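Observations on chain architecture
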There are 4 protein chains.
Amino acid sequence: MLQQRVYGILGGDKRQIYLARAMAADGHEVRVSCLERGEGLDSLPQVGPEKLAADCDCILLPLPATKDGKTLNTPLSEVEIPLDDNFAVLFSGKKVYGGMMEKLLQTSPLWDSVSAFDYYAREELLTGNAFLTAEGALGLAIAEYEGALNSSRILVTGFGRIGKALCMGLKGIGARVYCAARKLSDLTAIRAMGCTPMRYEDLKDAYDVIFNTVPTEVLTAQRLSCQRPDTLLIELASKPGGIDLKAARRLGLRVKEAPSLPGRMSPRAAGELIKDTIYHLIEETA
Amino acid sequence: MLQQRVYGILGGDKRQIYLARAMAADGHEVRVSCLERGEGLDSLPQVGPEKLAADCDCILLPLPATKDGKTLNTPLSEVEIPLDDNFAVLFSGKKVYGGMMEKLLQTSPLWDSVSAFDYYAREELLTGNAFLTAEGALGLAIAEYEGALNSSRILVTGFGRIGKALCMGLKGIGARVYCAARKLSDLTAIRAMGCTPMRYEDLKDAYDVIFNTVPTEVLTAQRLSCQRPDTLLIELASKPGGIDLKAARRLGLRVKEAPSLPGRMSPRAAGELIKDTIYHLIEETA
Amino acid sequence: MLQQRVYGILGGDKRQIYLARAMAADGHEVRVSCLERGEGLDSLPQVGPEKLAADCDCILLPLPATKDGKTLNTPLSEVEIPLDDNFAVLFSGKKVYGGMMEKLLQTSPLWDSVSAFDYYAREELLTGNAFLTAEGALGLAIAEYEGALNSSRILVTGFGRIGKALCMGLKGIGARVYCAARKLSDLTAIRAMGCTPMRYEDLKDAYDVIFNTVPTEVLTAQRLSCQRPDTLLIELASKPGGIDLKAARRLGLRVKEAPSLPGRMSPRAAGELIKDTIYHLIEETA
Amino acid sequence: MLQQRVYGILGGDKRQIYLARAMAADGHEVRVSCLERGEGLDSLPQVGPEKLAADCDCILLPLPATKDGKTLNTPLSEVEIPLDDNFAVLFSGKKVYGGMMEKLLQTSPLWDSVSAFDYYAREELLTGNAFLTAEGALGLAIAEYEGALNSSRILVTGFGRIGKALCMGLKGIGARVYCAARKLSDLTAIRAMGCTPMRYEDLKDAYDVIFNTVPTEVLTAQRLSCQRPDTLLIELASKPGGIDLKAARRLGLRVKEAPSLPGRMSPRAAGELIKDTIYHLIEETA
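Since we're looking at a predicted model, the values are computed, not measured.

All right, on to the relation of the copies chain A and chain B then. Screw-axis analysis of chain A against chain B gives a translation of 0.0 Å along the axis, an RMSD of 0.0 Å, and a rotation angle of 180 degrees. Accordingly, the operation relating the two chain copies is best matched by a two-fold axis. Here 100% of the contact residues of chain A are again contact residues in chain B; the copies associate through an equivalent surface.

See the structure below:
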């Protein structure tokens, strides 16, 4: 049933390139638009957005669909696509799948008549992304930290999806993992996994590397003041993040901000994850 | 504040022994009742239930508080304590902490005037118990399976608390772990952890050992019929469990029912977990 | 080429049962002797030792071939087989594969004319046995220790084959692993694996469980005196072992002697390992 | 006893910077030479090579001491130091510790009268370096591979120090690890660790990433021809390495040559490892 549709992939970064290639490799008819600077799409028809919308039943928008709320997210294209009624009307009667769709859906009342789905709201995408983020963060820390992660004292703040995946991976490469969390059941799980559970109020020691996964300020000036000048901090949470950046700067601590790791470090895996998630959405809404 | 109370531990198994010892070691005043056959309580005053209730502010009941709904769960005592108004009235105005309290609370209307708390409803206890169950199950499988778990094909059904802990532990000792789950996000996590995700409908191969953690019948006659005569099945879920026992018997498969592993395999850790949980409850309701 | 031979399996424990079954399952012609109390051999011809020797080209003896140096190791048989010239002469011109053959080969000068091979001298068998020992030790500790291994402080003495496998497995199930070793490069590896390296002279703390893998006394009275009454000691090394047993008794410490774990806990895996090793020997000496 | 000596660190890369800093932090009197472009040495006296040799009892040379056999290895200096009699005579009566000293010792007969030690010959340095190499290789692969390592099929060729460390680390981050080795006991260990053992002659499948650790050509044209265009190959062995580079180029495979990872990816950890090793050498030769 999936086979008979025509899929149009519009805008986005390397993940969309891999999404397009993977869907084509699965035997689907795929067209792409606004990905001119991407590589590896030679065999796929590249068309303008209007033609794409006209030719395809299902339109796949990027993650995020828009960054500024005004134009489509098209980093691999010279074309700037304003999000207005003219854009929205193209998708009338179509199925549209995109990531973080909220801002886009507010750009025109015409979106009300479109079947729009947000694949970033899906649990399996968030879970997969968390593992990709953890792996990317590990790679980043190995590259940036002049010591070794193995046998070092590493702190993870937060035990959500990303924190869990980080604890497992760090332990797997021989680090001594400390993880700070609020929930008592998280502290129990951290301990049983062989890591050291920490309450935030007890964060008084220095660590070699700190990975923050919490979007609210848990690494306060006071907690940062316990760190050494060579402690590396990696910010994985979305803005405003959990690190008091001013205090970090004042203390001379090195902070590496690392947003969007899946797309930057593992675009193929991230694109294939989007593909799987869209397949699930299509199946469930067929 | 905790220090000034007198704690009475009434009934239960080895876990309550360790609970009593650990609380006394923490400096609390502790009395015990209906634990005569337990060891290591020599230094603690052993009294009858009435005196215990009279002397103590906080009463700690076992997990489960009752098995049959009619008598208190007192496997280490000759005394049988009927659950009736005479029993309930003893605790009027007291704080009572027990596990799986529902059946007990139905035995007398007088329980309505008791401050009763169910520590088994606490997330941290369930999480800790899941890790203890997984560890006990590992120990059981090592003892019972005549092959080696390392490098064997092991299936875990379910990816809840126990399933997750089992996957981590089994992988940690070198097994090839397959895990069946329904939720798409669970399948994603299983794969990212380095295990092989399975949908239930695809369970068509033979495994060396199968751990069931699902309380509804997922290991049906048909799926069991794919197993070899030497496949070992371990039932970890509560009744009725996930294994079609009749079919297993007919097929000559070996099923090891393994309820209540924390109490049987790790009573000290389980008792200390109950202690920590009760401390949390006391702090929060102080 | 292997197929044309007739294999005779003589004496031994459950491992030999599984060895016989696995070789038969591989399509070999197999006969067995002195395994009457074993189960699962129904389809294989059971004969006396003389007939076995007469009918077979390759004779497979147990591990160890003899315990007392005077009789064959036949725990699953009523028959006692003295090791003398009458026994040795049976194998003249045959190929004989056994484990720890030294004592047996001294029982008669006639062994000089037999092609005898010691599979216990093979690196792959020792390596495989080390992993089986570690897994069995883990199972034993889970069963015997009333706490949980996960999150506990566990000491492994020695970082040879068994010590390495134990460190990996214990870490894999969430324990905090300390490992004592003499070689500087071992201490480096222990640390890099995420365990805590210890020099023997620094063993001054208490542990929850101690696994000894060193055959010389490293757990002296002084080091044992640092342990708690509930510390569990598991002796995995061959006699005289590494634990000062007298001191342990005096101090009231619990010592679990655990020799021959592969044969007792994982007889099938151990038997299949012997099979693989014998196949390698046969290939190399063909 | 160590305290009274004066240590002179001459030439080298970032590792020597960290070596100097760590020794100074340990309380030693340290002077440095030919490290002008290094950072973080402000508090240490920087002198010329002659003065360094004159002032210090122990001279610490880089790893490798020389690359071309003609000049000292001084990548952080403008100064070129020829290895001749004039250089060698400086160290008469001194203790000199360097890495891969063989070529240097052949540059002058005067080295015969110097107490020269090669720290790269030490087992603990090689072991530590192997773990640093494995961690660096992991970081490199995460950065270079557009998919995810977790849940991917990864091949490691060789099960020496680096291969072992890689297998552990890769498994720890959720990869499906295959490891090719020749020794039967290595194949047994690989399997028991939960990885898939491969004989070289059976390498007929495609992998996502291949790490080579073998210095002789094991990844032949034929074996490379089984790979996909997007397979990433990482060469960790010293020249000539194990990958048929011509064939790889012809097949369009991507090969990432990754020599000297510890110095490049983990200079601090590598420098501290050199420090520890030199301390051991000094202790043993005191």
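On to helix α7 (residues 184–192) of chain D. With respect to burial, α7 of chain D is a largely interior element, eight of its nine residues being buried. Within α7 of chain D, the full set of buried residues consists of L184, S185, D186, L187, T188, A189, I190 and A192 of chain D. Close packing links the buried residues of α7 of chain D with α5 (123–144) and α11 (267–284) of chain C together with β7 (176–180) and β8 (196–198) of chain D. Backbone geometry just after α7 of chain D places G194 of chain D at a positive phi near 95 degrees.

A few words on the nonpolar core. Ranked by internal contacts, the top residues of the largest apolar core, which has 144 residues, are F211 of chain A, F211 of chain B, F211 of chain C together with F211 of chain D. If near-sequence neighbours (up to four positions away) are discounted, F211 of chain A is found in contact with A137, A141, I154, L155, V156, T157, L166, L170, I234 and L236 of chain A.

Now for the packing of aromatic side chains. Residues and elements named next belong to chain B. Under the criterion given, the structure shown has 20 aromatic pairs over all chains. Between the aromatic rings of F87 and F91, the centroid separation amounts to 4.9 Å while the plane-to-plane angle is 70 degrees, which identifies the pairing as edge-to-face. The same class applies to F87 and to F91, which are both buried.

A few words now on the sheet that holds strand β2 (residues 29–33) of chain C. Residue and element names in this part refer to chain C. Spatially, five strands are ordered β2-β1-β3-β4-β5 in an open sheet, and the strand pairing comes out parallel. Unpaired on one side and paired on the other, β2 and β5 (115–118) mark the two borders of the sheet. Ignoring which end each strand starts from, the neighbouring axes of this sheet average 20 degrees apart. Inspection of the sheet shows strand β3 (residues 58–60) paired to strand β4 (residues 95–98) by three bridges, in the parallel sense. Across the sheet, C58 pairs through a bridge with K95, a residue of β4. On the sheet, helix α1 (residues 14–25) packs against β1 (6–10), β2 and β3 and is oriented at approximately 165 degrees with respect to β1. With respect to the sheet, α11 is in contact with β1, β3, β4 and β5, its orientation differing from that of β4 by roughly 145 degrees.

This part is about the relation of the copies chain A and chain D. Mapping chain A onto chain D calls for a rotation angle of 180 degrees and an axial translation of 0.0 Å; the resulting RMSD is 0.0 Å. A shared binding surface is used by both copies, with 100% of the interface residues of chain A retained as interface residues in chain D.

A separate point is the interface of chain A and chain B. With 17 residues of chain A in contact, the opposing surface of chain B contributes 17 residues. Here chain A packs against chain B, burying approximately 1300 Å² in sum over the two surfaces, 82% of which is carbon and sulfur. At the junction of chain A and chain B, the tally comes to zero salt bridges. Counting across the interface, chain A meets chain B through zero residue pairs in polar contact (both at pLDDT 80 or more). Counting residues per element, the ones that place at least two in the side of chain A that touches chain B are α5 (123–144), α7 (184–192) and α11 (267–284) of chain A. Here the residues of the side of chain A that touches chain B are counted per class, giving seven nonpolar, five polar and five charged.

Listed by partner, the interface residues are 27 residues for chain A and 27 residues for chain D. Buried surface at the junction of chain A and chain D, both sides included, amounts to about 2100 Å², of which 47% is carbon and sulfur. On inspection of chain A and its partner chain D, the count reaches five salt bridges. Note that D230 of chain A is salt-bridged to R268 of chain D, the shortest N-O span being 2.4 Å. Between the two partners, chain A and chain D, sit 16 residue pairs in polar contact (both at pLDDT 80 or more). Those elements that provide at least two residues to the side of chain A that touches chain D are α1 (14–25), α5, α6 (161–172) and α11 of chain A. Take the side of chain A that touches chain D: its biggest share by element is eight residues, from α5 of chain A. By residue class, the composition of the side of chain A that touches chain D is 14 nonpolar, seven polar and six charged.

About the cut-offs
- Every chain is numbered on its own, with residues counted from 1 as its sequence reads.
- Chains and ligands are labelled by the order in which they are written, letters from A for the one and numbers from 1 for the other.
- Totals for whole chains, interfaces and linings use all residues, but because this is a predicted model, local features are given only for residues with pLDDT of at least 70 and pairs of side-chain atoms are given and counted only at 80 or more.
- With hydrogens and water excluded, all non-hydrogen atoms of the structure serve as input to the side-chain values.
- The fit set for superposing copies consists of C-alpha atoms from residues with pLDDT of at least 70 in both; the fit itself is least squares.
- Two residues qualify as a contact provided that any one of their heavy atoms is within 4.5 Å of a heavy atom in the partner residue.
- The cut-offs for exposure are 20% and 50% of the maximum accessible area for each residue type, with area from a 1.4 Å probe on protein chains only; residues under the lower value are buried, those over the upper are exposed, and the others partly exposed.
- Secondary structure elements are taken from DSSP: a helix is a run of H or I of four residues or more, a strand is a run of E of two residues or more, and numbering for both begins at the N terminus.
- Nine residue types can take part in a nonpolar core, namely buried Ala, Val, Leu, Ile, Met, Phe, Trp, Tyr and Cys, and a core is a set of them joined through side-chain atoms within 4.5 Å.
- Between rings of Phe, Tyr and Trp, where Trp is taken as its six-membered ring, a pair exists when centres lie within 6.5 Å; planes separated by under 30 degrees are stacked, by over 60 edge-to-face, and by other angles tilted.
- Two strands qualify as a pair provided that DSSP identifies no fewer than 2 bridges between them.
- The axes are straight lines fitted to the C-alpha atoms, using for helices just the contacting stretch, and the angles between their N-to-C directions are given from 0 to 180°.
- The term buried area refers to how much accessible surface (probe radius 1.4 Å) is lost by two components on association, counted for both of them together.
- Put simply, a salt bridge is a Lys or Arg side-chain nitrogen that is within 4 Å of an Asp or Glu carboxyl oxygen.
- As used in this structure description, the phrase polar contact means that two N or O atoms lie within 3.5 Å; if the pair is within protein, one of them must be able to donate a hydrogen and the other to accept it, and residues adjacent in sequence are counted only when both atoms belong to side chains.
- Each residue gets one label: Ala, Val, Leu, Ile, Met, Phe, Trp, Tyr, Cys and Pro are nonpolar, Asp, Glu, Lys and Arg are charged, and the others, such as Gly, are polar.

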